[in-house]
Amino acid sequence: MRRQLDAAAEQALVDQCRRQDYEAFGKIVDAFQSRIFGFVKRMLRNDEESADVTQEVFIKAFQSLSKFDGRSSLRTWLFRIAYNLCIDRVRRSERALDVASLDAMGTELEAFDLADSRWNPGALLDESDFLEVVDKAVLELSEKLRTVLLLHDKEDLGYEEIANVVNVPVGTVKSRLFLARAHLQKAVTKYVQTGGSI
Amino acid sequence: MNEKLFEKLIGEQPVTLEEALTLDQALEAQVEVRRAVSSLRESEPSLAWRSELNQRLLVGHKAARKSLVLRWIGGASLVTACCAMFLVLSRPTVKDDISNQHYVLTNSEGPAVSDALFTAHREADMESGMGIMEPVADVKPGL
């Protein structure tokens, strides 16, 4: 369940946490745990590791809330911690799972002429099958593309916020988002056309 | 979207204003994909996970407090040590004492104490010798 915090409530909680208020931090965890866990889970593709990393995100946040300057929102800050920890984990375990690398995508250029508003495979599949296909396609993306896609389309972060999390220019965020969606669109269309199994 | 722009996007190269506009339009056209991604299932961590997190936070919290207390004690000790060191260093040394006394003696006006004592003793001796003053008899108690 997603709980939302308005800006004033968020600021009040942050102030309380800076005074080492353990209870206030619990409310922050309540508000963000499912979002952070969902993001980390799709980044790492391993449930056990994701649970561990999500805990690390909150522990690190609690320990360094005094350094949180409020220039970005708490949500952006938490996602930045989560993103950095995920990247560290992946690099440490040398799991460079760039299944759908940027170079590989270039070989099928014709599939990316996507100004097609008729794309609606959801109408052809029942909802659970469709979501499973989409989820699988998301997991096939490279880390770079997956991060941007999840933060923008799933977590509803703006281009600027994502640029802040990933530390790249806004233009790069947009191009990655386009390529990620294009891959997703292609994967789902292929599934629908071939009637393939998941 | 043309091939040139697509290659630029893959290479993450800078795009022209016109190309940026084309990219924005292409992103707007992908609205259905966005909807699909936003409807992906949420993942709620378990209660056991939350309980474990609380324990880890509590351990970290206690460790942080302990370290804070230790830092305070360390800081206070350091300040005390500095004060003690300052006091020790700012006290006059024996050498300083001697040189200060010498300074007093050599710079004091009039006869030195020893000279004054000697003069007083000699005058008293002369007075008693001339009969001006009775010599002071030793008083022995009980006699």
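None of these values were measured; they are calculated from a predicted model.

1. Observations concerning the overall build of chain B
Scanning chain B for helices and strands turns up six helices and zero strands. When its helices and strands are written in sequence order, chain B yields α-α-α-α-α-α.

2. Focus on the overall build of chain A
Helix and strand counts for chain A stand at nine helices and zero strands. The helix and strand sequence of chain A, counted from the amino end, reads α-α-α-α-α-α-α-α-α. Buried positions account for 52% of the 198 residues belonging to chain A. Contacts spanning at least 24 positions in sequence make up 71% of the contacts within chain A whose residues lie at least 6 apart.

3. A word on the packing of helix α2 (residues 22–44) of chain A against helix α7 (residues 143–154) of chain A
Residue and element names in this part refer to chain A. It is at 10 Å that the axes of α2 and α7 come closest, and there the two elements cross at 155 degrees. Here α2 lies roughly antiparallel to α7, going by the angle between them. Two packed elements cross with a definite hand, and for α2 against α7 that hand is right-handed. Where α2 abuts α7, its residues Phe39, Arg42, Met43 and Leu44 lie against Glu143, Arg146, Thr147, Leu150, Leu151 and Lys154.

4. Notes on the packing of aromatic side chains
All names here are of chain A. Evaluation of the coordinates by the stated rule reveals seven aromatic pairs over all chains. Here the aromatic rings of phenylalanine 39 and phenylalanine 79 are separated by 5.4 Å at their centres, their planes lie at 90 degrees, and the arrangement is edge-to-face. Placement of the pair is phenylalanine 39 in helix α2 and phenylalanine 79 in helix α4 (residues 74–92), with a sequence separation of 40 residues. In terms of burial, phenylalanine 39 and phenylalanine 79 fall into one category: buried.

5. Re the confidence of the model for chain A
Residue and element names in this part refer to chain A. Predicted confidence across chain A gives a mean pLDDT of 82, with 79% of residues reaching 70 or more. This stretch, residues 99–104, has a pLDDT under 50; its non-local contacts, to residues over four places away or in other chains, come to 12 contacts. Considering only residues more than four positions removed or in separate chains, one finds that residues 106–111, a stretch of pLDDT under 50, has six contacts.

6. Topic: the interface of chain B and chain A
Chain B puts 34 residues into the contact, and the matching count from chain A is 59 residues. When the two sides are added together, the surface that chain B and chain A hide from each other amounts to roughly 4,500 Å², 60% of it contributed by carbon and sulfur. Taken together, chain B and chain A are joined by seven salt bridges. The shortest N-O distance in the salt bridge between arginine 34 of chain B and aspartate 156 of chain A comes to 2.8 Å. Our enumeration of links across chain B and chain A arrives at 15 residue pairs in polar contact (both at pLDDT 80 or more). Broken down by secondary-structure element, the contributors of at least two residues to the side of chain B that touches chain A are α1 (3–10), α2 (17–29), α3 (31–38) and α4 (47–90) of chain B. When residues in the side of chain B that touches chain A are grouped by element, the largest group, nine residues, is from α4 of chain B.

7. Observations regarding the nonpolar core
The tendency in soluble globular proteins is for nonpolar side chains to be buried as a group. Residue and element names in this part refer to chain A. Ranked by internal contacts, the top residues of the largest apolar core, which has 75 residues, are Phe25, Ile36, Phe39, Leu74 and Val134. Among the elements that line this core, the one with the most residues is α2, at 12 residues. Excluding residues that lie within four positions of it along the chain, isoleucine 36 makes contacts with Thr54, Val57, Phe58, Leu78, Phe79 and Ala82.

8. Digging into unusual backbone geometry
All names here are of chain A. Its identity is not glycine, yet aspartate 156 carries a phi of approximately 65 degrees, on the positive side. For aspartate 156, a relative accessible area of 47% translates into the label partly exposed. Positive phi, close to 65 degrees, is recorded for asparagine 167, a residue that is not glycine. Note on placement: asparagine 167 falls in the loop between α8 (159–166) and α9 (170–194).

9. Describing the packing of α2 of chain A against α4 of chain A
All names here are of chain A. α4 packs onto α2 with a crossing angle of 35 degrees between their chain directions and a minimal axis gap of 10 Å. The two elements α2 and α4 meet at a crossing, and its hand is right-handed. Contacts between α2 and α4 involve Ile28, Phe32, Arg35, Ile36, Phe39, Val40, Met43 and Leu44 from the former and Leu74, Arg75, Leu78, Phe79, Ala82, Tyr83, Cys86, Arg89 and Val90 from the latter. Tallied by class, the residues present in the contact of α2 with α4 amount to 14 nonpolar, no polar and three charged.

10. Side note on a nonpolar patch on the surface
Residue and element names in this part refer to chain B. A cluster of nonpolar side chains, Val69, Leu70 and Ile73, forms an exposed patch at the surface whose accessible area comes to about 280 Å². Topologically, isoleucine 73 is positioned in helix α4. Given the relative accessible area of 48%, isoleucine 73 is considered partly exposed.

11. A few points about the environment of valine 57 of chain A
All names here are of chain A. With respect to the element layout, valine 57 can be found in helix α3 (residues 47–63). Residue valine 57 is classed as buried on the basis of its relative accessible area of 0%. C-alpha separation for the pair valine 57 and isoleucine 81, spaced 24 residues apart in sequence, amounts to 6.1 Å. Contacts of valine 57, omitting those with residues within four sequence positions, involve Ile36, Leu78, Ile81, Ala82 and Leu85.

Cut-offs used in this document
Residues numbered from 1 in each chain as written. Chains lettered and ligands numbered in written order. Predicted model: local features only at pLDDT ≥ 70, side-chain atom pairs only at ≥ 80, totals over all residues. Heavy atoms only, no water. Helix = DSSP H or I, 4+ residues; strand = E, 2+ residues; numbered from the N terminus. Buried < 20%, exposed > 50% of the residue type's maximum accessible area, 1.4 Å probe, protein only. Contact = heavy atoms within 4.5 Å. Axes fitted to C-alpha atoms, helices over the stretch in contact; angles between N-to-C directions. Parallel < 35°, antiparallel > 145°, perpendicular 65-115°, else oblique. Left-handed = near helix turned anticlockwise from the far one by under 90°. Phe/Tyr/Trp six-rings, centres within 6.5 Å; stacked < 30°, edge-to-face > 60°. pLDDT = per-residue confidence, 0-100. Buried area = accessible area lost by both parts, 1.4 Å probe. Salt bridge = Lys/Arg side-chain N within 4 Å of Asp/Glu carboxyl O. Polar contact = N/O pair within 3.5 Å; in protein donor to acceptor, adjacent residues only side chain to side chain. Core = buried A, V, L, I, M, F, W, Y, C linked by side-chain atoms within 4.5 Å. Nonpolar A, V, L, I, M, F, W, Y, C, P; charged D, E, K, R; others polar. Patch = residues over 30% accessible without salt bridge, like charges linked within 9 Å, V, L, I, M, F, W, Y side chains within 5 Å. Areas by Shrake-Rupley, 256 points an atom, 1.4 Å probe, with all protein chains shown as cover.

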